[in-house]
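# Breakdown of the fold
Next come the chains, spelled out residue by residue.
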Amino acid sequence: MTPVLYRVRSRRPDRVDTVTLTLEPVRGDCPPFLPGQFTMLYAPGVGEIPVSISGRSRSGGYAQTIRAVGAVSAALCGKRPGEVVGVRGPYGHGWGVPAAAGLDVVVAAGGLGIAPLRPVVRALLAARDRYGRISVIAGARSPATLVYPRELARWARQGADVQVIVDHPDHAWHGPVGLVTRLIDRIVFEPRRTHAFVCGPEAMMRATAEELVRRGVAPGRVELSLERNMKCAVVRCGHCQFGPLFVCEDGPVLRYDQAGPMLAVAEL
Amino acid sequence: MDAVVIESLEPLIAELRSRGFAVVGPVVRDGAIRFEEIASAGRLPRGVTDDQDPGRYRLRETGDEMIFSFAASPDSAKRYTQPPRQVLFRMRGERIEEAEEEAPRIALLGVRACDLAAIGVQDRVFLGGRHPDPAYRLRREALLLIAVNCAVPGGTCFCVSMGTGPRVTAGHDLALTELAAPHRFLVEIGSERGEEIVRALPYAPAPARDLADAEEVSRTAAGRMGRHVETEGIQERLSAHDSPRWQQVGARCLTCANCTMVCPTCFCTTVEDSTSLADGTAERAERWDSCFTLGFSEVNGTPVRSSNPGRYRQWLTHKFSTWIDQFGMSGCVGCGRCITWCPVGIDVTEELANLP
Ligand SMILES: Cc1cc2nc3c(=O)[nH]c(=O)nc-3n(C[C@H](O)[C@H](O)[C@H](O)COP(=O)(O)OP(=O)(O)OC[C@H]3O[C@@H](n4cnc5c(N)ncnc54)[C@H](O)[C@@H]3O)c2cc1C
Ligand code: SF4
Ligand code: SF4
Ligand code: FES
């Protein structure tokens, strides 16, 4: 439960309220991680929150993309290069990337849900010929809150079909408007031979998973990443209970055949 | 060494203290049986019993010389296995110091079978998984458990239903059965540590009659359970997520968290971070938390379980059903504390019985 000190190596504001930090251990090596895993990030004296690892930086550290929504996330977003934070982890079960081999892949992100999916897309594109069609669909509240716009463009150049939609367009926006599920019409995939990775607000994940399943994707081939309140991340504090599961250890990534029935129960 | 008989607890307490144990036992305080450090057997609650019913706890004098004529008290061993608040670490500049792990040697006197079972549940939670808690292990190893076989179960007890009592069978260093006329204690040995301590006391081998009397105490106690739970098919019954019962009990529940605070197995905690203005150090502490609070499940600014029925259902379902999925055992040991200490007298056994 004691964090290890990491130093902020770089800080890149992504959008209005979002920052990507790269972190390196003050001493020793940065442990490996699987796409979809998270760390507990500690802003000294302020608090600790779960944050997904959004990539490995060029120097070998973790990249983590944080949206300032409260005291801890704001304190972390304010950290400058050279300052220290505490890191525990990586924790949790990541995405089942190997299970997608040989299939069409749909990656669907809502809002900051793109952060834990970024290592997935990078892994898919790094072995491009191992997969069928790769589609990335991303939704944002407004064009200004869309994260990683340059990287999305790069993914398109590297052979992914990248589609973006916003809830609230501004005058410069010419793309589609609405919910992420609308983009499912715009991508090409063969449902029975498709694996999907979905992350975003719970309502978005349910709607997306339902739509994919309705089109014939097997519920066991749709993976979601859940968010629950977390304090310990090591199955001791009880906060992340989700029916019989602890999201910190049994998740955050769960298959829709497992999570779907439980997500349908209000207040579980 | 088989069972022995001792005439008084005074030499036992003295022996434990001379071995460096703080002896923690039951005393009368604030109109209840509480647990605190004692120096002599004179502090133990002689001639007192408790009446326990849903939302009701009263002490009553019996006028006899018996010391352990009461049932579960608001305190449980959890206070010593998992303290209500503990500092985890301090950060000074760019250095993190782990909290000095204090594990005082404590002899808990008067622990009941249900409470030993509760410690067994905690052992599974804190030591049985993939991330064992070293601080818990230290505290646990420093704990000596001197159990007492229940003679007078409370009106809210149901350990027989949960298979945890009333007779002590495992997890103890010593187990006492209090016998009357003449007043004496049958001592059964549960561990090598326990045996070593008994060898240092004035004792007599137990005659067959005392062994039979002790058996009779437990048999009588088992027949006097205040309550009962049908555990057969309990997980199926608790899968009725939309039973109207949840609305009814939720309408009564004050979400005060009392039931979780007195429960010997409820393990949920939260953390508090603070900084000292004096020396600039940052500190992180862990303290008991409860799934009945709104903030417990908050994500994205809204609690996952915002309604009273939702939170009550989470608690009951966890205790009696999902705990089994998670840890292979029930999270309830039948001590009845949550029933007694619920200000509105919500009774888990009644709620379970009324599910479809
Ligand atoms: C497995 C997992 C992975 C996560 N990965 C990331 C990640 O990569 N990047 C990231 O930024 N966050 C991530 N989160 C969410 C992040 O942990 C929370 O946003 C954070 O705990 C908020 O803490 P806080 O102390 O800053 O805000 P709090 O003090 O807890 O909240 C203050 C207020 O902010 C609002 N708020 C809180 N959380 C959110 C939220 N998520 N979205 C919108 N409003 C909110 C609410 O109105 C709340 O009342 C993840 C969570 C989990 C469980
Ligand atoms: S749920 Fe109630 S009866 Fe069961 S162990 Fe907890 S306090 Fe005791
Ligand atoms: S069940 Fe009773 S003790 Fe528990 S939270 Fe509700 S009112 Fe409080
Ligand atoms: S975060 Fe503490 S149990 Fe999962």
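Scroll up a little and you will see the structure.
So, here's what we can say about the structure. (Residues numbered from 1 in each chain as written. Chains lettered and ligands numbered in written order. Predicted model: local features only at pLDDT ≥ 70, side-chain atom pairs only at ≥ 80, totals over all residues. Heavy atoms only, no water.)

### Comments concerning the interface of chain A and chain B
Interfaces are often described in size by the accessible area the parts lose on coming together. Definition in use: Any two residues whose heavy atoms approach within 4.5 Å are treated as being in contact. A 1.4 Å probe defines the accessible area here, and the buried area is the portion of it lost by two parts on being joined, summed over both. Definition used for salt bridges: Asp or Glu carboxyl oxygen within 4 Å of a side-chain nitrogen of Lys or Arg. Under this definition, polar contacts are N or O atom pairs within 3.5 Å; protein pairs additionally need one hydrogen-donor-capable and one acceptor-capable atom, and for neighbouring residues in sequence, both atoms have to be side-chain atoms. A run of DSSP states H or I qualifies as a helix once it reaches four residues; a run of E qualifies as a strand once it reaches two. Both are numbered from the N-terminal end. Three classes are used: nonpolar for Ala, Val, Leu, Ile, Met, Phe, Trp, Tyr, Cys and Pro, charged for Asp, Glu, Lys and Arg, and polar for all others, with Gly counted as polar.
Between chain A and chain B, the residue contacts involve 34 residues of the former and 45 residues of the latter. Buried area between chain A and chain B, both sides added, is near 3,300 Å², and the carbon and sulfur share of it is 53%. Run the count over chain A and chain B and you get four salt bridges. Scanning the region where chain A abuts chain B turns up 22 residue pairs in polar contact (both at pLDDT 80 or more). When contributions to the side of chain A that touches chain B are tallied by element, the ones reaching two or more residues are β1 (4-15), β4 (47-52) and β14 (245-246) of chain A. Partitioned by chemical class, the residues of the side of chain A that touches chain B number 16 nonpolar, 10 polar and eight charged.

### Describing the side chain of A:S57
By the secondary structure assignment, A:S57 is in the loop between β5 (55-56) and β6 (62-67). In this structure A:S57 touches A:T22 and A:A63, once residues within four positions along its chain are discounted.

### Side note on the nonpolar core
Side chains of nonpolar character tend, in soluble globular proteins, to be buried together. Where we set the bar: Buried Ala, Val, Leu, Ile, Met, Phe, Trp, Tyr and Cys residues form a nonpolar core when they are joined through side-chain atoms within 4.5 Å. Relative accessibility thresholds used throughout: buried, under 20% of the residue-type maximum; exposed, over 50%; partly exposed, between the two (1.4 Å probe, protein chains only).
In terms of nonpolar packing, the biggest core is built from 72 residues, with A:V222, A:L224, A:F242 and B:L108 touching the most fellow members. Contact partners of A:V222, with chain neighbours within four places excluded, come to A:A196, A:V198, A:A209, A:L212, A:V213, A:V217, A:L254, A:R255 and A:Y256. B:L12, B:Y57, B:I146 and B:L176 belong to the second largest nonpolar core, which has 31 residues in total.

### Focus: empty space enclosed by the protein
Residue and element names in this part refer to chain B. Here is the rule we go by: Here a cavity denotes a set of grid points, spaced 1 Å apart and computed over the protein atoms alone, in which a 1.4 Å probe fits but from which it cannot get out, and a pocket denotes an open set meeting protein on both sides within 12 Å along at least five of seven lines; residues with an atom within 4 Å of a point are reported as lining. Grid points are joined across faces, edges and corners, and a volume is the space filled by probe spheres set on the points.
Counted by the stated rule, this structure contains seven cavities of 30 Å³ or more. Forming the walls of the largest cavity are 19 residues, and the residues nearest its centre are T260, C266, F267, C268 and C291. Looking at the lining of the largest cavity, the elements that each hand over two or more residues are α10 (258-262) and α11 (308-327). Top element by residues in the lining of the largest cavity is α11. It accounts for five residues. Considering only residue class, the lining of the largest cavity consists of nine nonpolar, seven polar and three charged. By volume, the second largest cavity is sized at about 130 Å³.

### Remarks on the sheet that holds β6(A)
Residues and elements named next belong to chain A. Selection criterion: Two strands form a pair only when DSSP identifies at least two bridges running between them.
Read from one edge of the open sheet, seven strands run β4-β3-β7-β1-β2-β6-β5, paired in antiparallel fashion. Bordering the open sheet on either side are β4 and β5, each of which pairs with just one other strand. Bridge count between strand β3 (residues 38-43) and strand β7 (residues 84-91): four bridges; the pairing is antiparallel. Considered in β7, the bridge of F38 is made with Y91.

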